[in-house]
Structure formats: C-alpha cells, structure tokens
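Each chain is listed here by its residues.
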Amino acid sequence: MKKIILALSVFALLFTSCSSDDDSGSRDPFIGNWIFFQSLENGTEVALEDCEYETTIVITSSGTFTTSLYDDDLDGGCELEFTVSGTWENLGNGQYATTTDGDTFVQEINFEGNTMSFEDVEDGVTYTDVFIRQ
C-alpha cells in the first residue's frame, strides 16, 4: 500500500510544465480524466484497496494537471488523502515533464488504447501504475 502511495506521489510530481499539442496538431493523448486502474511490481499485479480505485488525474489542454489520491478512512469509507496540482509539457517521444512547487520531473508515459502507464524503478523493483481514461 505504501509503495502504491509512493508511486502515485512520484507520478503526481512527475507530471508538470506547460503545453498540450504535439507537432501534428492533434490532441495530446495525455489530456483527459484518468482513474487509477492497476498497479504492478516487476510485472505482477498488486491487489489494491477499494478506495485506491478512486484516485484520479485530470490533465487539461491548458497545460495543467491535478492528482487526487484516495485511501481508506477509519470508518471503512474513502477519504481524500492529498491533492497535487501543477503544469505539464509534452517533450516528444513519449517523454513528459511535470512541474509541482518548482520541481520539474521528466517521465516516459506509455499509451495503449484508453490506458496510460508509467514505471518507476526503486531498489531494483519496477513499479508500474496503469490509469484508464474515464
């Protein structure tokens, strides 16, 4: 669970700068409303808690994003754990830059159909988070 929160936190911090369209003038595949769908560790699916499926990322064509992370509360319901906002930029070749609180990160994002995924490697473990377009 904590690794998922860490991975999502990293994702939120990894997506920020400003721009939206690629060179062809078509809509950037990053733009949209995304909901957390799946988490993998070294290619093996990790069971998620129900509230984690409420985690969202909203990417706008004006170059901004907001990530809202949800977790279980003590009463058995879901609560908003934190929200991160910033700006994003498509750097080309699947690379995206995000800026939050003055920190800019670059991450490769993979798009397949209505899904978006990204990887983070930590201590030899590859964490993959998958989001599905709402």
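Since we're looking at a predicted model, the values are computed, not measured.

> Which parts of the structure should I look at to understand the packing of aromatic side chains?
Each aromatic ring pair is characterised by the separation of its centres together with the angle its planes make. Applying the stated criterion across every chain yields a total of seven aromatic pairs. With a centroid separation of 5.1 Å and 80 degrees between ring planes, the pair formed by F30 and W88 is classed as edge-to-face. Here the residue F30 occupies a position in the loop between α1 (2–14) and β1 (32–41), and W88 occupies one in strand β5 (residues 78–92), the gap between them amounting to 58 residues. When sorted by exposure, F30 lands in the same class as W88, which is buried. Centre to centre, the rings of W88 and Y96 are 6.0 Å apart; their planes meet at 45 degrees, and the pair counts as tilted. The exposure classification of W88 matches that of Y96, with both residues buried. The rings of F30, W34, W88, Y96 and F111 are connected pair by pair, giving a single aromatic cluster.

> How should I be thinking about the confidence of the model for the chain in this particular structure?
Interpretation of the predicted coordinates at a detailed level should be avoided for regions scoring low in pLDDT. Of the residues in the chain, 81% have a pLDDT of 70 or more, and the chain-wide mean is 86. Across residues 1–8, confidence stays below pLDDT 50; counting only partners more than four residues off in sequence or on other chains, it has 22 contacts. Across residues 12–24 the pLDDT falls below 50, and counting only partners more than four positions away or on other chains, this stretch makes 58 contacts in the model.

> Got a minute to help me understand the nonpolar core in this structure?
One recurring pattern in soluble globular proteins is that nonpolar side chains are buried together. Formed by 14 residues in total, the largest nonpolar core has its most connected members in F30, W34, I57, I59, W88, M116 and F131. Among the elements of the structure, β1, β3 (56–59) and β9 (115–122) are those that each provide at least two residues to this core.

> Honestly, unusual backbone geometry in this entry has me stumped. Any pointers?
Of note in the backbone geometry, D101 takes a positive phi value of approximately 50 degrees without being a glycine. Of the residues examined, D101 reaches a relative accessible area of 76% and is grouped as exposed. Residue D123 is not a glycine yet carries a positive backbone phi of 50 degrees. If you trace the backbone, D123 turns up in the loop between β9 and β10 (125–133).

Conventions used here
Residues numbered from 1 in each chain as written. Predicted model: local features only at pLDDT ≥ 70, side-chain atom pairs only at ≥ 80, totals over all residues. Heavy atoms only, no water. Phe/Tyr/Trp six-rings, centres within 6.5 Å; stacked < 30°, edge-to-face > 60°. Helix = DSSP H or I, 4+ residues; strand = E, 2+ residues; numbered from the N terminus. Buried < 20%, exposed > 50% of the residue type's maximum accessible area, 1.4 Å probe, protein only. pLDDT = per-residue confidence, 0-100. Contact = heavy atoms within 4.5 Å. Core = buried A, V, L, I, M, F, W, Y, C linked by side-chain atoms within 4.5 Å.

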